[in-house]
Amino acid sequence: MTSDFDLGVEGGLLVTSRGRRRANIYVRDGTIAAITNERQPAREVVSAVDLLVMPGMVDAHVHLMDPGAPEREDFPTGTAAAARAGVTSIVEHSHITPVRTDDRLKEKIDYVGKRARIDYALAAHAWPGDVEAAVEVWRAGAAFVKAFTCRTHGIPAHDAAELHRLFAGLEEVDGVCLVHCEDESLTAEAERVLHLAGRSDGAIVFEWRNRDAELLATSTTALMAQRTGARVVIAHASNPEIAAIAHQHRSAGARLWVETCPQYFMLFEHEAIDWGALRKFTPPARARTDADLAQMWRCLAEGQFDIVSSDHAPSTIEQKQESIWEAHFGLPGLDTTICVLLDAAHRGLISYERVAEVYSERPGEALRFVPQQRPTRAGIGRRPGPGGSPGPLDRRRRGHHLQGGLVSVFGSRDARSRGRHVLERQPGGLGRAGGRRAGRRQVPAGCRSLAAPWQVMERAGKPIGELEKLNGVVLIMEGDSVTFQHAAGMAERSSVMRCTQDTRFQLASVSKQFTAAAILMLVERGVLSVAIRSIAGSRAVHQPGER
Ligand SMILES: [Zn+2]
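One structure accompanies this document, and this report is about it. Model, not experiment: these values are computed from the prediction. (Residues numbered from 1 in each chain as written. Predicted model: local features only at pLDDT ≥ 70, side-chain atom pairs only at ≥ 80, totals over all residues. Heavy atoms only, no water.)

1. Observations regarding the packing of helix α3 (residues 131-139) against helix α4 (residues 160-172)
- Remark: α3 packs on α4, axes separated minimally by 9 Å, with the N-to-C direction vectors making an angle of 35°. Where α3 crosses over α4, the two elements pack in a sense that is right-handed. Taking contact as the criterion, the partners of Val 131, Ala 134, Val 135 and Trp 138 in α3 are, on α4, Arg 165, Leu 166, Gly 169 and Leu 170. (Axes fitted to C-alpha atoms, helices over the stretch in contact; angles between N-to-C directions. Helix = DSSP H or I, 4+ residues; strand = E, 2+ residues; numbered from the N terminus. Left-handed = near helix turned anticlockwise from the far one by under 90°. Contact = heavy atoms within 4.5 Å.)

Here you go:
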């Protein structure tokens, strides 16, 4: 009992939704076997002094396009990227090769089994009018069944009646449904009008996939969830009004969860005008002001959003350079979501406890990977779970998530699943995942805009929040392309105005050189030759030989 722990993670600050405390974690047979204040003998010890130790993150909404379009993303690179970010479990579904039957689910498990480097679960797609297949694929072990309320990525839409039938069917087997909420008639009409006007600018993204379409479909979905009693997750809520609708129906008894994604906390609606398809994801960014972003963080801090997922859906840069109508929807985010959340915690926008809750514990609960009863002992349960190598998550093996020795140690970036390394930080380089290089075959489009800042700062060894100690704007260019830009700190402390990319700065004494150069250019042109002294004053500009 005392001498056979396989692994000790010692001296770290354990963070779960229920608080933080300094403690040592000991793992045996891939399972967390003890959490104590005392040191215990272990065959391998990882020092976590000065580091946060958090549960392995669970990203419940990930598209790896494998099989189907591996040039966009596949299981080996996608799960390596996840491991690098401390994400030890993902739930994957791809619209390119939708899983609609239990046979297809089994085929896909066989196919991805050897390709995944971390734990995974697979979700399935519901097709309008085929409730039976949705129920069967849930019974076969799908993590959830995904339904659309408007035609997207080639998947047909459920109207209100079809949603009602689907939810009623899933409720009978206590299934979970993830719903993409955008109203078919409102988006179809907006699309028709935009095409008629011959529009192909970036603004079509948010005019087509408009705010009302999302609100209306959310209302319908929440009402049907309330009427049927089914377990429903509202996917990728883009703004606080979505959470308010869900709250209203939850108060009336609906079993609803609201998922949101980092892009709605980082990006502005108008960016689609300049960035085009690099900002084409749906629902699109809704924030128009810094105050809108601040409100999103407040909502997350206060519990109005339940789950954060990446909705990871990369494209190649060439695919994102197609016309705005043709380019794929989606952004990468599997390797950056945790950075956005930890940075927000660093800046005090949310707590570290909340990060563990929304990106690990709540998704685990909603999808029933963890016991419904709250775990004990600093939030990490001690009941044994199954060990072994990474494999499919399954509700029949529920409980292994927090119990299973899934630990991320931030700072060292040492992520382990079931006690085994899924990532080891290499000095001066990228991490290694599952024993193989955790590099991507290519940089996914959107990295420059959303992901790159975090990666840049991480390479510099600092969270981006450190930049808050600087008041100013940073712009780094390589050739003609901007590789990094960030505005930090206050432009005007008294009025609490934050710096933006457009903030104008007083150049102080630096400006004198510009004034002098401008005057001398005018002297060269003969415009100011005589008037210099009277304009600039004798003390500022001296003639040669003058004292
Ligand atoms: Zn998605």
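Back to the write-up after that little detour.
2. So, the sheet that holds strand β7 (residues 87-92)
- Reading across from one edge, β6-β7-β8 is the order of the 3 strands in this open sheet, with parallel pairing throughout. Two strands bound the open sheet, and with one partner strand each, they are β6 (57-62) and β8 (119-122). Neighbour to neighbour, the strand axes of the sheet diverge by 20° on average, direction disregarded.
- Two elements, β7 and β8, share 4 bridges in a ladder whose sense is parallel. Each residue of the ladder has a partner; that of Ser 89, found in β8, is Asp 119.
- The sheet strands contacting helix α2 (residues 102-113) are β7 and β8, and the helix crosses β8 at an angle near 160°.
- Where helix α14 (residues 352-366) meets the sheet, it contacts β6 and β7, and its direction lies at approximately 70° from that of β6. (Pairing = 2+ DSSP bridges.)

3. Some details on the pairing of strand β11 (residues 176-180)
- Among the 5 residues in β11, 5 count as buried, and that is most of the element.
- The alternating pattern of β11 places Val 176, Leu 178 and His 180 on one face and Cys 177 and Val 179 on the opposite face, and all of these are buried.
- Strand direction decides the pairing type here: strand β10 (residues 145-148) and β11, joined by 4 bridges, are parallel. When the bridges of β11 are listed, Ala 147 appears paired with Val 179.
- Where β11 meets strand β12 (residues 231-237), 4 bridges bridge the pair, whose relative direction is parallel. Paired with Val 179 across the bridge in β12 is Ile 234. (Buried < 20%, exposed > 50% of the residue type's maximum accessible area, 1.4 Å probe, protein only.)

4. Observations concerning the sheet that holds strand β13 (residues 255-260)
- Taken together, the 6 strands give an open sheet; going across it, the order is β9-β10-β11-β12-β13-β14, and neighbouring strands pair in parallel fashion. A strand with exactly one partner marks an edge of an open sheet, and here the two such strands are β9 (124-125) and β14 (307-308).

5. Considering the coordination of the zinc ion
- His 61 (NE2), His 63 (NE2) and Asp 311 (OD) make up the full set of protein donors to the zinc ion, lying at 2.1 to 2.2 Å.
- All donors to the zinc ion come from one chain, and their sequence spacing reads H-x1-H-x247-D. Of this pair, His 61 sits in strand β6 while Asp 311 sits in the loop between β14 and α12 (317-320), and the two are 250 residues apart along the sequence.
- Its relative accessible area of 0% is what places His 61 among the buried residues. (Donors = N, O, S within 2.8 Å, 3.2 Å for Na, K, Ca; no water.)

6. Section: the environment of Asp 311
- Relative accessible area serves as the criterion here: at 12%, Asp 311 is assigned to the buried category.
- Linking Asp 311 and Pro 262, residues 49 residues apart in sequence, is a C-alpha distance of 9.1 Å.
- Not counting chain neighbours up to four residues away, the residues in contact with Asp 311 comprise His 61, His 63, His 236, Cys 261, Gln 263 and Leu 331.
- Engagement of the side chain of Asp 311 in a polar contact is seen with the side chain of His 63, the distance being 3.0 Å. (Polar contact = N/O pair within 3.5 Å; in protein donor to acceptor, adjacent residues only side chain to side chain.)

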